[in-house]
Amino acid sequence: MAAGYADLLRTRYAARLLAGTLVGRLPNATAPIAIVLFTRAEGGSYSLAGGLAAVYGLGNAVGQPLLGRAVDLYGQPRVQLPAAVLSALGMVLLTFAGIDPLALAYAAVALAGLFTPPLEGGLRALWPNVLGREDRVHRAYAMDAVAQEIMFTVGPLLVTLLVALWSPAAALLVINVIGVLGALSVVLSKPSRTWRSAPREAHWLGALRSPGLLALLGSFFFIGLALGSITVAGVAYADDHGREAVYGWLMAALGLGALAGGMVYGARQWAGAPERRLRFIVALLALGYLPLMLTPGIPAMVVLAAVSGVFLAPALACAFIVVDRHAPRGTVTEAFSWLVTTFGVGAAVGTGAAGPAVEHGGTAASFAVAAVGGVAALLVLLATRRVLTIPVAAPLPHDSVVMPCENDRIGAAEPGFRTGHQA
């Protein structure tokens, strides 16, 4: 399975684009923990730290789809790099101004969140032109999902290392400088500079006018909710067992399960409609969350956490394909950015819901929030299966000529494979 990913990375520009995107997204992946550590070092309370992190998240949720739409309209370099610089400047402002006055601190994190560049959606828009064949693009989506798990594991560790070596303020500065360099590496590459979205229909809803995309977003809101609740439930479980390290074990097991699932999923080609496959994967994902409510002993709980993560990366990889198929013409980056936003908002809601669940029902109740989220995600997909079905197009006459859309190098060779540049 690793050989398949290695083959992708040997393709010209592929490794650079993936690495640049991951590095460019480090500030976003580490912002919550970096903000909390900085605020506490400045003498602020946990409530203030949580408030600042929440404002950053809200700014990110608003900015991602708006910047994604701007990328579709104006190209990647003209949006991604200025956004990365402005986001970094927001964190620089927080670093030098501190938490007093509070209004300036909140404005700084809002600026940083709002202008977080949509590198994730931008990378997925580039894969078809870089990799060519449909099967290779689908495998790249799986590789992308696996890489995210690595980034969200390594990123917080890097922040804590920088804090230990220097200070929370230094960690904020270094991480954001690295992020700008990552974005710079992406936008200076030829695929990013030459990519153009297809002409789009003027519509204020943009990508959201697709019923299939709305159905997918609804489902992944609840998957995000499930993951957000698990982060709080894991802390409660660790407290119950009197060992702080248990939380790290649970989160590491969850990430390891997702890594393993993503590697296996991306190692083979899958037949059939991805919409149908996504329903099956999400059903297995929901099933994996249910046993967490048993809250057994530590070894068994670590195993259950790993099992619950196995189908996360495959669900994300399959969702990327579905987004690509349902995004209206000329809105592919915006559509991917909406998925990122919805997932993040769901995680925030799950985090907020799990706290009261712990207080009123104990640790098992907080894991029940995750189970409810997983089941709700499946129910959304089942209830919207009609809008998530793309009818097979009628065969063209023998003398028909298929004219590929702008920047679509594989449309004619791979009928039925959409890159976001097709009608």
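It should be emphasised that the depicted structure is a prediction, and the values quoted were computed from it without experimental measurement.

Draft legend 1. Representation of the overall build of the protein chain in the model. Of the regular secondary structure elements, the protein chain holds 17 helices and zero strands. In the protein chain, which comprises 423 residues, the share counted as buried stands at 52%. Contacts in the protein chain between residues far apart in sequence, at least 24 positions, make up 82% of those at least 6 positions apart. Summing over all exposed atoms, the protein chain offers an accessible surface of approximately 17,800 Å²; the carbon and sulfur share of this is 69%.

Draft legend 2. Spatial organisation of a nonpolar patch on the surface. Taken together, the side chains of L287, L290, M293, V375, L379 and L382 define a hydrophobic patch exposed on the protein surface, amounting to about 480 Å² of accessible area. For the nonpolar patch, the element with the highest residue contribution is helix α17 (residues 363–383), accounting for three residues. The topology assignment puts L287 in helix α13 (residues 274–289).

Draft legend 3. Looking closely at helix α16 (residues 332–361). An ideal rise of 1.5 Å per residue puts 44 Å on 30 residues; α16 measures up with 42 Å between its terminal C-alpha atoms. G362 sits one or two residues past α16 and shows a positive phi near 85 degrees.

Draft legend 4. Seen up close, the side chain of T30. Along the polypeptide, T30 turns up in helix α3 (residues 26–41). In contact with T30, other than residues within four places in its own chain, are G155, P156, V159 and I175.

Draft legend 5. Region of interest: the confidence of the model for the protein chain. Per-residue pLDDT for the protein chain has a mean of 83; in total, 89% of the residues score no lower than 70. Across the protein chain, element-level confidence peaks in helix α5 (residues 77–97) with a mean pLDDT of 96 and bottoms out in helix α1 (residues 2–9) with 75. In this model, residues 391–423 is a region of pLDDT below 50 whose contacts with residues beyond four sequence positions or in other chains number 57 contacts.

Draft legend 6. Geometry of the packing of aromatic side chains. For the structure shown, the criterion picks out six aromatic pairs. Pairing F221 with F222 gives two aromatic rings, centres 5.2 Å apart and planes at 80 degrees, and the pair type is edge-to-face. A relative accessible area of 22% means that F221 is categorised as partly exposed. One aromatic cluster is present, built from ring pairs that chain together Y141, F320 and F336. Between the NZ or CZ atom of R124 and the centre of the ring of F320, over which it lies, the distance is 3.6 Å.

Cut-offs applied
- Residues numbered from 1 in each chain as written.
- Predicted model: local features only at pLDDT ≥ 70, side-chain atom pairs only at ≥ 80, totals over all residues.
- Heavy atoms only, no water.
- Helix = DSSP H or I, 4+ residues; strand = E, 2+ residues; numbered from the N terminus.
- Buried < 20%, exposed > 50% of the residue type's maximum accessible area, 1.4 Å probe, protein only.
- Contact = heavy atoms within 4.5 Å.
- Areas by Shrake-Rupley, 256 points an atom, 1.4 Å probe, with all protein chains shown as cover.
- Patch = residues over 30% accessible without salt bridge, like charges linked within 9 Å, V, L, I, M, F, W, Y side chains within 5 Å.
- Salt bridge = Lys/Arg side-chain N within 4 Å of Asp/Glu carboxyl O.
- Expected span 1.5 Å × (residues − 1).
- pLDDT = per-residue confidence, 0-100.
- Phe/Tyr/Trp six-rings, centres within 6.5 Å; stacked < 30°, edge-to-face > 60°.
- Lys NZ or Arg CZ within 6 Å of the ring centre and 35° of its normal.

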